[in-house]
Amino acid sequence: MKLNKDISRFDAAWQVANGKLDPFALSLFEKRRKLLNPQQVAQLDRPFRNKAYRAPAWAAFGITSWFTKSGSVDWDVQFARNPNIALLAIHAADGHLRERAVQVAPMEDTAALTALLLRCNDWAAPVRKAAFARFESVLPKLDLAEMVPLCLFVLERVARWERGGAAVAQMFVAHYDWPLLVKTTFVETATGPLARSLRQLLRSPHYDWILPDLALRAQSIFVRAVAVETLLTGHARWIEGYDWIWHDKVFGLRQKVPRRAKRVLEVSLATRAMVLRQASQDKSAKVRCLAADYLVTVGASEGDSLVTLLTNDKAKSVQERMTFYHKKWVGNLSAQEN
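Residues numbered from 1 in each chain as written. Predicted model: local features only at pLDDT ≥ 70, side-chain atom pairs only at ≥ 80, totals over all residues. Heavy atoms only, no water.

Enquirer: Describe the packing of helix α14 (residues 221-233) against helix α16 (residues 285-298), and please don't skip the residues or the numbers.
Expert: As a packed pair, α14 and α16 sit with axes 9 Å apart at the nearest point and diverge in direction by 10 degrees. It follows from the interaxial angle that α14 and α16 lie roughly parallel. Within the contact between the two elements, α14 uses Ile 221, Phe 222, Arg 224, Ala 225, Val 228, Glu 229 and Leu 232 and α16 uses Lys 286, Val 287, Leu 290, Ala 291 and Tyr 294. For the contact of α14 with α16, the residue count by class is 9 nonpolar, no polar and 3 charged. (Axes fitted to C-alpha atoms, helices over the stretch in contact; angles between N-to-C directions. Helix = DSSP H or I, 4+ residues; strand = E, 2+ residues; numbered from the N terminus. Parallel < 35°, antiparallel > 145°, perpendicular 65-115°, else oblique. Contact = heavy atoms within 4.5 Å. Nonpolar A, V, L, I, M, F, W, Y, C, P; charged D, E, K, R; others polar.)

So this is what it looks like as structure tokens:
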């Protein structure tokens, strides 16, 4: 979906004619809005407000913009007549209008809930207060399916916001379904910054219990790879921050490098054997490479079927690792010669 194109298509919906929104423009906005994921809603929020600022304010023709405070429009009447108008007003440039919109807008889909989250971080304190109170009443009513699309957005963005993000994220963590929500999100979600989010979660041992399921059933290759690597090596790794390495201070030449940290996990032999067996048969060569790396590091018993399976793997990257395995643990012969 081309977001810039969406913004231009919503131009008509920003106009108010004789105190009423154009029904066609509003239906187009509603149809397109439901297709947006949380990241796209966040991307569109600022352009929506910019469009509102640039909208014409031709009072003589009965047209006002969202930025113009016109007394001729009774927004409470508009919201009562069609609650979906509030889903448009929640992105308005006027803070008073945003505050009223978050109080009455229907929260029935992911895009609406994301817009409410954005208002929890609004620069206007009254809007933040109203949005937080509304979200506090809405959250207990949400089921797991409604919360899953928001989980990654909360972990990656909301928790980092300085105004109201930390408080909202804490509300999510305190939800009774949070552990199951985290597991379901990483199992079922296939796109997004999943690997980075999972590594950050693994800073705490509270989420170690989900790793075996992620290694076996996660839709994302990268999530399976992180889970397999963590369980096989017995270490959870994450990026703690970044440092600068200077190459030449005179010419200002420096390089930004990640500062990594890790902690030890306790993994049973049965769990490690199960994960290794599954990783050796994974459909992704990236995950099979991790199984080969583990065998290169610790070796295997003579006649182990996993060695034969990985040696005959079709992926060149796996074959190269197993060639090194044979040189290290069997002798100087290549895998084929051996």
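Enquirer: Go over the environment of Gly 241, please, and point to the residues and values.
Expert: Checked against the element boundaries, Gly 241 lands in strand β4 (residues 235-248). Taking the C-alpha atoms as reference, Gly 241 lies 5.1 Å from Arg 259; in sequence the two are 18 residues apart. Once residues lying within four places of it in the same chain are set aside, the contact partners of Gly 241 are Val 257, Pro 258 and Arg 259.

Enquirer: Give me the pattern of salt bridges: which residues, what numbers.
Expert: Scanning the entire structure with this criterion turns up 15 salt bridges. Two residues, Asp 208 and Arg 263, come together in a salt bridge whose shortest N-O distance is 2.5 Å. Residue Asp 208 is located in the loop between α12 (194-201) and α13 (211-217), and its partner Arg 263 is located in strand β5 (residues 253-264); the two are separated by 55 residues in the primary sequence. Taking the shortest distance from any N to any O, the salt bridge between Asp 293 and Arg 321 comes out at 2.8 Å. You can see Asp 293 sitting in helix α16 and its partner Arg 321 sitting in helix α18 (residues 316-329), a full 28 residues away along the chain. We classify Arg 321 as partly exposed; its relative accessible area is 28%. Shared partners join several salt bridges into a network, and the residues in it are Asp 45, Arg 98, Arg 119 and Asp 122. (Salt bridge = Lys/Arg side-chain N within 4 Å of Asp/Glu carboxyl O. Buried < 20%, exposed > 50% of the residue type's maximum accessible area, 1.4 Å probe, protein only.)

Enquirer: Give a detailed account of the confidence of the model for the protein, specifying residues and quantitative values.
Expert: Of the residues in the protein, 83% have a pLDDT of 70 or more, and the chain-wide mean is 83. The least confident element of the protein, judged by mean pLDDT, is strand β3 (residues 63-64) at 36; the most confident is α14 at 96. A low-confidence stretch, residues 1-9 (pLDDT under 50), is modelled with 15 contacts involving residues beyond four sequence positions or located in other chains. (pLDDT = per-residue confidence, 0-100.)

Enquirer: Let's hear about the environment of Leu 116: which residues, and what values?
Expert: The residue Leu 116 is located in helix α7 (residues 110-119) in this model. In this structure Leu 116 comes out as buried when scored by relative accessible area, which is 0%. Distance from Leu 116 to Ala 131, taken between C-alpha atoms, is 6.2 Å for residues 15 residues apart in sequence. Setting aside chain neighbours within four positions, we find Leu 116 in contact with Ile 90, Val 102, Met 107, Ala 131, Arg 134 and Phe 135.

Enquirer: Mind laying out helix α11 (residues 178-188), listing which residues take part and the relevant values?
Expert: Across the 11 residues that make up α11, a large majority, 8, are buried. Those residues of α11 that fall on the buried side of the exposure criterion are Trp 178, Leu 181, Val 182, Lys 183, Thr 184, Thr 185, Phe 186 and Val 187. For α11, the secondary structure elements touched by its buried residues are α9 (144-156), α10 (165-174), α12, α13 and α14.

Enquirer: Help me get a handle on the packing of aromatic side chains, residues and values and all.
Expert: The final tally for this structure, using the stated rule, is 3 aromatic pairs. Among the aromatic side chains, those forming a connected cluster through ring pairs are Phe 135, Phe 172 and Trp 178. Over the aromatic face of Trp 244 sits the side chain of Arg 254, whose NZ or CZ is 3.8 Å from the ring centroid. Taking NZ or CZ as reference, Lys 256 lies 4.8 Å from the ring centre of Tyr 242, over its face. (Phe/Tyr/Trp six-rings, centres within 6.5 Å; stacked < 30°, edge-to-face > 60°. Lys NZ or Arg CZ within 6 Å of the ring centre and 35° of its normal.)

Enquirer: Break down the side chain of Ser 204 for me, citing the residues and quoting the values.
Expert: You can see Ser 204 is positioned in the loop between α12 and α13. Residue Ser 204 is classed as buried on the basis of its relative accessible area of 19%. Only 3.0 Å separates the side chain of Ser 204 from the side chain of His 206, close enough to count as a polar contact. (Polar contact = N/O pair within 3.5 Å; in protein donor to acceptor, adjacent residues only side chain to side chain.)

Enquirer: Residue-level account of helix α8 (residues 125-138), with values.
Expert: Its 14 residues give α8 an end-to-end C-alpha distance of 20 Å, which sits within 8% of 20 Å, the value for a rise of 1.5 Å per residue. Residues of α8 that are buried include every one of Val 127, Ala 130, Ala 131, Arg 134, Phe 135 and Val 138, and no others. One side of α8 holds all its buried residues, which, seen down the axis, span an arc of 130 degrees. Buried residues in α8 make contact with α6 (95-104), α7 and α10. (Expected span 1.5 Å × (residues − 1). Arc of directions from axis to C-beta.)

Enquirer: Got a sec to walk through the nonpolar core? Specific residues and values, please.
Expert: Leu 117, Phe 135, Phe 172 and Phe 186 are the most contacted members of the largest nonpolar core, which totals 93 residues. Ranked by residue count, the leading element in this core is α9, at 8 residues. In this structure Phe 135 touches Leu 116, Leu 117, Cys 120, Val 168, Met 171 and Phe 172, once residues within four positions along its chain are discounted. (Core = buried A, V, L, I, M, F, W, Y, C linked by side-chain atoms within 4.5 Å.)

Enquirer: An account of the pairing of β5 is needed here, citing residue identities and associated values.
Expert: Relative to β5, β4 runs antiparallel, the two being bridged by 12 bridges. For Trp 246, the partnering residue across the bridge sits in β5 and is Arg 254. (Pairing = 2+ DSSP bridges.)

Enquirer: Tell me about a nonpolar patch on the surface, residues and numbers included.
Expert: Residues Val 250, Phe 251 and Leu 253 make up a contiguous nonpolar surface patch of roughly 370 Å² in combined accessible area. By the secondary structure assignment, Leu 253 is in strand β5. (Patch = residues over 30% accessible without salt bridge, like charges linked within 9 Å, V, L, I, M, F, W, Y side chains within 5 Å. Areas by Shrake-Rupley, 256 points an atom, 1.4 Å probe, with all protein chains shown as cover.)

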